[in-house]
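For reference, the chains in residue letters:
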Amino acid sequence: MTGWRISGGRFSARLKAAPRAAAIGIAVAVVVVAALVSALVAPGGGGDGTAAAASGKNLGQTGSATPHSPSAAPTVTPTSATPAVPPVPASIQHATESGGKAVNITIDDGPDPIWTPKVLDVLKKHHVHATFCMIGPQAQANPALVRRVVAEGHRLCDHTVHHDEAMDHKPFAYQQKEILDAYAMIEQASGGAPVRYYRAPGGAFTPASRELAAQHGMRPLGWNVDTKDFSRPGVGAIVGTVKAEIHNGPTILFHDGGGNRSQTVEALDQTLTWLAQQHYATSFPKVD
Ligand SMILES: [Zn+2]
């Protein structure tokens, strides 16, 4: 939405004064060149050291963060269009965009026609924005839900086509298809909203799949607190896990798909109340 506003403004400026438009063009070019130079100069991409230090649970953090490192990934075959988004670091992110005392609420395995609306209602009640890691075919089957997620200010994350938690042991071509097909499904269902993250099912990342996601502008996304809501341990147990493990780091994992999520809905409500009482803000995972 912001993008539309910016491009609209640039367009009207060009209509009003051509010389000014030229000046803007030059300014934009200067900024682009400066960004390229700083990207080349920066060792290994900013922010990765911090992310790596933030959690002992990182998977594959030792890989190079350089987006185009030729040794890190097999060549991406042109099965998809050229990414329209700039590459992001390929290391697994856990940190918040805001920094400070904040958490990232992440919701996986949807969208689900029954449970996602209830989760969205809880988030709205608490004025909290979350990151939804969606399974491609479910996004495709529920486009109105995907658009509601985006319209209410939440962010999208690619959670593959088949949720294969053993995908890290399968050929790269398979992983590539799992990731890029879901990316296309989610993006299309959303009406073209950005898909900013990639979370491997069960954390089954590989260096090559992280690199692939990063080249498509999707930051590999980890988690610090696994509420295990998926196994329906009871509302109290889910909330208790957050309270007990929030010291692990800021990214909390819930689920809105995969079965009856009534415990999750109630536990999310209680968790958000508790987090606010503890003066936690909510943020999004840092993209770059
Ligand atoms: Zn999942």
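Refer to the structure above for everything that follows.
Conventions used here
- Residues numbered from 1 in each chain as written.
- Predicted model: local features only at pLDDT ≥ 70, side-chain atom pairs only at ≥ 80, totals over all residues.
- Helix = DSSP H or I, 4+ residues; strand = E, 2+ residues; numbered from the N terminus.
- Buried ≥ 20, exposed ≤ 12 C-beta atoms within 10 Å, placed from the backbone.

A. Main features of the overall build of the protein chain. Along its length, the protein chain carries ten helices and eight strands. In the protein chain, which comprises 288 residues, the share counted as buried stands at 43%.

B. Molecular detail of unusual backbone geometry. With an omega of 0 degrees, the peptide bond running from Gly110 to Pro111 counts as cis. One can find Pro111 in the loop between β1 (102–110) and α4 (115–125). Phi is positive for Asp109, close to 80 degrees, though the residue is something other than glycine. Note that Asp109 resides in strand β1. The exposure class of Asp109 is buried, given the 23 C-beta atoms found within 10 Å. With phi around 70 degrees, Thr160 is a residue other than glycine that occupies positive phi space. As for its position among the elements, Thr160 is in the loop between β3 (155–158) and α7 (172–190).

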